[in-house]
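The chain contents come next:
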Amino acid sequence: MSEINVQLNDGASTAIAGPVTVAEALKHLDRDMAKQALAARVNGAEVDLAFELDSPENGDTLKIEPVLPQTLAGLEVLRHSTAHLLAAAVLDLFPGTQLGIGPALLDDPRYGFFYDVIAPRALTESDLPVIEKKMRQIASRNLAYRRDEIPKAEAMRLFSERAEPLKCELIDEKAGERVSVYYIDNSPFIDFCLGPHVPNTNKLRAFKLLSLAGAYWKGDAENPQMQRIYGTAFFSQEELDGWLKQREEAEKRDHRRLGRELDLFSIQDQYGQGLIFWHPKGGIIRQQMEDYLREELVKRDYSFVYTPHIARRELWQVSGHEQAYGDSMFAPTTIEDVEFRLKPMNCPFHIGIYKSQQRSYRDLPQRYAEMGTVYRAELSGTLHGLMRVRGFTVDDAHLFCTPEQVRKEIDDCVDFANQVLKTFGFEKIKFELSVRGSDTSKNWLGSAEQWASAEVALAEALEARGIVYERIEGEAAFYGPKIDFKIEDAIGRLWQLGTVQWDFNLPERFELEYIGEDNKPHRPVMVHRALFGSIERFFGVLIEHYAGAFPMWLAPVQVAVLPITDRVNDYATSVAAELRQSGLRVLPNLRSEKIGAKIRDSQMQKVPFMLVLGDRELEQQQVAVRERIKGDIGVMSLEEFKAMAHGLIESRALANT
Ligand SMILES: [Zn+2]
Ligand SMILES: [Zn+2]
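Residues numbered from 1 in each chain as written. Chains lettered and ligands numbered in written order. Predicted model: local features only at pLDDT ≥ 70, side-chain atom pairs only at ≥ 80, totals over all residues. Heavy atoms only, no water.

### With respect to the overall build of the protein
Here is step 1: Check the secondary structure of the protein and you find 20 helices and 34 strands.
Here is step 2: Here the C-alpha coordinates of the protein stretch approximately 100 × 70 × 60 Å along the principal axes.
Here is step 3: Residues counted as buried form 51% of the 657 residues belonging to the protein.
Here is step 4: Long-range contacts, defined as pairs at least 24 residues apart, comprise 69% of the intrachain contacts of the protein with a sequence gap of at least 6.
Here is step 5: Accessible surface for the protein amounts to roughly 30400 Å². Of this, 49% is attributable to carbon and sulfur atoms.
Here is step 6: Each charge sign in the protein was given a centre, from 79 positive and 98 negative side chains, and these centres are 4 Å apart. (Helix = DSSP H or I, 4+ residues; strand = E, 2+ residues; numbered from the N terminus. Buried < 20%, exposed > 50% of the residue type's maximum accessible area, 1.4 Å probe, protein only. Contact = heavy atoms within 4.5 Å. Areas by Shrake-Rupley, 256 points an atom, 1.4 Å probe, with all protein chains shown as cover. Lys, Arg positive; Asp, Glu negative; His and termini not counted. Charge placed at Lys NZ, Arg CZ, Asp CG, Glu CD.)

### Description of the coordination of the zinc ion (ligand 1)
Here is step 1: In the first shell of the zinc ion (ligand 1), the protein supplies H80 (NE2), H84 (NE2), C193 (SG) and H197 (NE2), at 1.9 to 2.1 Å from the metal.
Here is step 2: Metal-centred angles of 95 to 131° between the 4 donor atoms at the zinc ion (ligand 1) mark the site as tetrahedral.
Here is step 3: One chain supplies every donor for the zinc ion (ligand 1), spaced along it as H-x3-H-x108-C-x3-H.
Here is step 4: Relative accessible area serves as the criterion here: at 11%, C193 is assigned to the buried category.
Here is step 5: Classification of H197 as buried rests on a relative accessible area of 1%. (Donors = N, O, S within 2.8 Å, 3.2 Å for Na, K, Ca; no water. Tetrahedral: all angles 85-135°; square planar, octahedral: opposite > 155°, others 65-115°.)

### Observations regarding the coordination of the zinc ion (ligand 2)
Note on metal sites: the ideal angle is 109.5 degrees for four tetrahedral donors, and 90 or 180 degrees for six octahedral donors.
Here is step 1: Within the protein, the atoms that donate to the zinc ion (ligand 2) are C347 (SG), H398 (NE2) and H528 (ND1), at distances of 2.0 to 2.3 Å.
Here is step 2: Taken in sequence order, the residues that donate to the zinc ion (ligand 2) follow the motif C-x50-H-x129-H. With C347 in helix α12 (residues 347-355) and H528 in strand β29 (residues 525-534), this residue pair connects regions lying 181 residues apart in the sequence.
Here is step 3: C347 gets classed as buried once you look at its relative accessible area, which sits at 5%.
Here is step 4: Since its relative accessible area comes to 9%, H528 is described here as buried.

### Let's talk about the sheet that holds strand β20 (residues 338-342)
Here is step 1: Judged by pairing direction, the sheet is antiparallel, and its 3 strands sit side by side in the order β18-β20-β19 without closing on themselves. One side of each edge strand has no neighbouring strand; the edge strands of this open sheet are β18 (310-312) and β19 (333-335). Sheet twist, expressed as the average angle between the axes of neighbouring strands with direction ignored, equals 40°. (Pairing = 2+ DSSP bridges. Axes fitted to C-alpha atoms, helices over the stretch in contact; angles between N-to-C directions.)

### Some details on a nonpolar patch on the surface
Here is step 1: On the surface, a cluster of nonpolar side chains totalling about 370 Å² of accessible area is made up of V298, F304 and Y306.
Here is step 2: Mapped onto the elements of the fold, Y306 is located in the loop between β17 (303-304) and β18.
Here is step 3: Note on Y306: relative accessible area 72%, which makes it exposed. (Patch = residues over 30% accessible without salt bridge, like charges linked within 9 Å, V, L, I, M, F, W, Y side chains within 5 Å. Salt bridge = Lys/Arg side-chain N within 4 Å of Asp/Glu carboxyl O.)

### Remarks on the sheet that holds strand β31 (residues 586-588)
Here is step 1: With mixed pairing, 5 strands are arranged side by side in an open sheet as β31-β30-β32-β33-β34. Both outer strands of the open sheet, β31 and β34 (631-636), are each paired with one neighbouring strand and no more. When the angles between neighbouring strand axes are averaged without regard to direction, this sheet yields 25°.
Here is step 2: Judged from the 4 bridges that link them, strand β32 (residues 609-613) and strand β33 (residues 623-627) form a sheet pairing that is antiparallel. Residue pairing across strands places V612 opposite A624, the latter belonging to β33.
Here is step 3: Lying over the sheet, helix α17 (residues 569-581) contacts β30 (559-563), β31, β32 and β33, oriented at roughly 165° with respect to β30.

### Here we look at the pairing of strand β4 (residues 39-42)
Here is step 1: Pairing between β4 and strand β7 (residues 62-67): 4 bridges, direction antiparallel. The residue bridging A40 from the neighbouring strand is P66, located in β7.
Here is step 2: As paired strands, β4 and strand β5 (residues 45-47) are joined by 3 bridges and run antiparallel to one another. Note that in β5 the partner of R41 across the bridge is E46.
Here is step 3: As consecutive antiparallel partners, β4 and β5 are separated by 2 residues, and within that stretch N43 has a phi angle of approximately 45°, a positive value.

### Let's talk about the packing of helix α13 (residues 406-423) against helix α14 (residues 448-464)
Here is step 1: Two numbers describe how α13 lies on α14: the axes approach to 9 Å, and their chain directions differ by 45°. Comparing the axis directions of α13 and α14 gives the class oblique. Between α13 and α14 lies a crossing whose hand is right-handed. Counted together, R407, I410, D411 and V414 of α13 and A457, L458, E460, A461, L462 and A464 of α14 form the full contact between these two elements. (Parallel < 35°, antiparallel > 145°, perpendicular 65-115°, else oblique. Left-handed = near helix turned anticlockwise from the far one by under 90°.)

### As for unusual backbone geometry
Here is step 1: Between G195 and P196 the backbone carries a cis peptide bond, its omega angle lying at 0°.
Here is step 2: Here P196 is to be found in the loop between β12 (190-192) and β13 (206-216).
Here is step 3: Although it is not a glycine, D301 sits at a positive phi angle of roughly 65°.
Here is step 4: When you line up the elements, D301 lands in the loop between α9 (280-299) and β17.
Here is step 5: One non-glycine residue, E511, adopts positive backbone phi at about 50°.
Here is step 6: Structurally, the position occupied by E511 is in the loop between α15 (506-509) and β27 (514-515).
Here is step 7: Residue classification places E511 among the exposed positions, given a relative accessible area of 54%.

### Brief notes about the nonpolar core
Here is step 1: In this structure, M289, I410, F424, I483 and F550 are the most contacted members of the largest nonpolar core, which totals 70 residues.
Here is step 2: Residue contacts for F424: discarding those within four places in its chain leaves M289, Y292, F532, F538, L542, H545, Y546, W553, L554 and L654.
Here is step 3: V90, L99, I138 and L204 belong to the second largest nonpolar core, which has 37 residues in total. (Core = buried A, V, L, I, M, F, W, Y, C linked by side-chain atoms within 4.5 Å.)

### Overview of the environment of N505
Here is step 1: Looking at the element boundaries, N505 is found in the loop between β26 (494-503) and α15.
Here is step 2: When the C-alpha atoms of N505 and S319 are compared, they prove to be 8.6 Å apart, with 186 residues separating the residues in sequence.
Here is step 3: Every residue in contact with N505, bar those within four places of it in the chain, is listed here: S319, L445, F478 and Y479.

### Details of the environment of I564
Here is step 1: If you trace the backbone, I564 turns up in the loop between β30 and α17.
Here is step 2: Remark: the alpha-carbon pair of I564 and E125, spanning 439 residues in sequence, is separated by 49 Å.

### Focus: the pairing of strand β23 (residues 429-435)
Here is step 1: With respect to burial, β23 is a largely interior element, 6 of its 7 residues being buried.
Here is step 2: Across 6 bridges, the pairing between β23 and strand β25 (residues 482-488) is antiparallel. Bridging from a neighbouring strand, F431 pairs with F485 of β25.
Here is step 3: Summarising the sheet, β23 and strand β24 (residues 469-473) pair through 5 bridges and their orientation is parallel. Paired with F431 across the two strands is Y469, which belongs to β24.
Here is step 4: Note on the crossover from β23 through α14 to β24: the handedness is right-handed. (Right-handed = clockwise from strand over helix to strand, strands pointing away.)

### Overview of the packing of α9 against helix α16 (residues 535-545)
Here is step 1: Direction vectors running N to C along α9 and α16 enclose 110°, while the axes themselves pass 11 Å from each other. The orientation of α9 relative to α16 falls into the category roughly perpendicular. Facing G282, I285, R286, M289 and E290 of α9, the residues of α16 in contact are I535, E536, F538, F539 and L542.
Here is step 2: Taken together, the residues of the contact of α9 with α16 break down into 6 nonpolar, 1 polar and 3 charged. (Nonpolar A, V, L, I, M, F, W, Y, C, P; charged D, E, K, R; others polar.)

Have a look at this one:
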């Protein structure tokens, strides 16, 4: 028996007689935390609570951090463990089912986990409640998640005896000499998995299966087709109920349905999945979004550039996109023996403009902005309305500057993002600073000094504005730290939008230079920056955020002119013409319908203002104004109405008050 020195986070420490499990060690350190813990990190490595601690040879203290509920790490363990429970239930109900993978999803607003399966018969939606019931049964038996480590050959034998060729394939590819497998004791389930998991199924109480979708093994359409069962899990039933309620509200606001009803956009199979058609009304909104952004870009001294959609394949090899990103790029096409590839990102093109001439420190910063359309070879199963598509436009910009200038540039980007997102009515913006942290497993580019100064500059830009942000260790891009913006929409969902990224990589790869004050060549710093991110996706978020009722400045039709009787049609036509002349988007409805029907129709189309015109309005040369939500707001002259309407538009008001 040896003594093991353990310490809780950076707090209490004690020596206990080993061997001892993490759960027992935690009990010695903090009973309360031990009760709550789902898993733990020991010296930074994630392990199960049943993990047996061994005293390090040098006698160093082991640092134990419990993974607790209400943390992201805790949620991941919970959801991943629930995915195992799902697999166990499927195996129980459908023996002979082959299992694929079953990860937790933390960033997807729709789902919390999935498991890919090939069941002996195709599953249908009506199987989900049955599977969920089985999950509850298994959970209530309070079965233990047990980890075992076995030699690779034994693992291969185990899974091939179970007729699980897909798991064998994974083990063959990924496992080292020893293979970590997990059992849910007294259930038919075994998985090849690194863990960690919750200690027992009793910890899983609030979960729900949500839907079924098609998937391919390893996401490759050449591979066997599988079925993906989606579900979610939370720490408490209240949280799950709250989320389900929000989901119901989200369904009412679904941008795909509203997009159809309001005739904003379409996706047409015969042209290709994941490709967006902006209809005239959607086109107006996009134009307003872009015009607003361009106005701001001019004020902030950006230059507008336009670049091609394809480039020689070698370019993507130099940039590293082909190596790091090749799977998401459309396959090369050949013209006169030269291979070309569609662009998945705009960055190398802006570099081309920078490199087209020698730059001096006096020319910097160079700020290139482009509504850059890019193409990604996303699999059909992952596509989702405007949110996940194969072709989209980024409000992209790249800044090239000296190391001394970069702090101010970042500062401006943060300010810009804040302003733009608030203009669209997103008051709650969550900033995340992703840094390199102590993670040494990633192949970080750039020197320690470069990283340190970049991380400080990003942090200072946020702090200088009093922005509260979350610092995320180890989540930086391999080429530099970044700030991500997430917005909270009208029903409390978080959306990841734009980003400001510092890049040590591309200037190096493309050997970018500027001549410094010392007359010597120096390497500039490159910053990638997008505020909407994808314009398509941002549009999707806006549709759901506003529930299709766009504020005046964005509304495709701003004013409906509705004559009560045919006698005033001429007056209605002249009112509409005058409003249009003043720059408003107007739609007269001269059909011989009851006024009630005309108003209802405009309401359905979420038109902000309706001008209801009858004999009296004609006689007095006035207009009776209805606001979409408030109803009648009175009779006024056309001049008064115009002034009010233009006032709302110019101030980009979010409400018509
Ligand atoms: Zn697992
Ligand atoms: Zn870029």
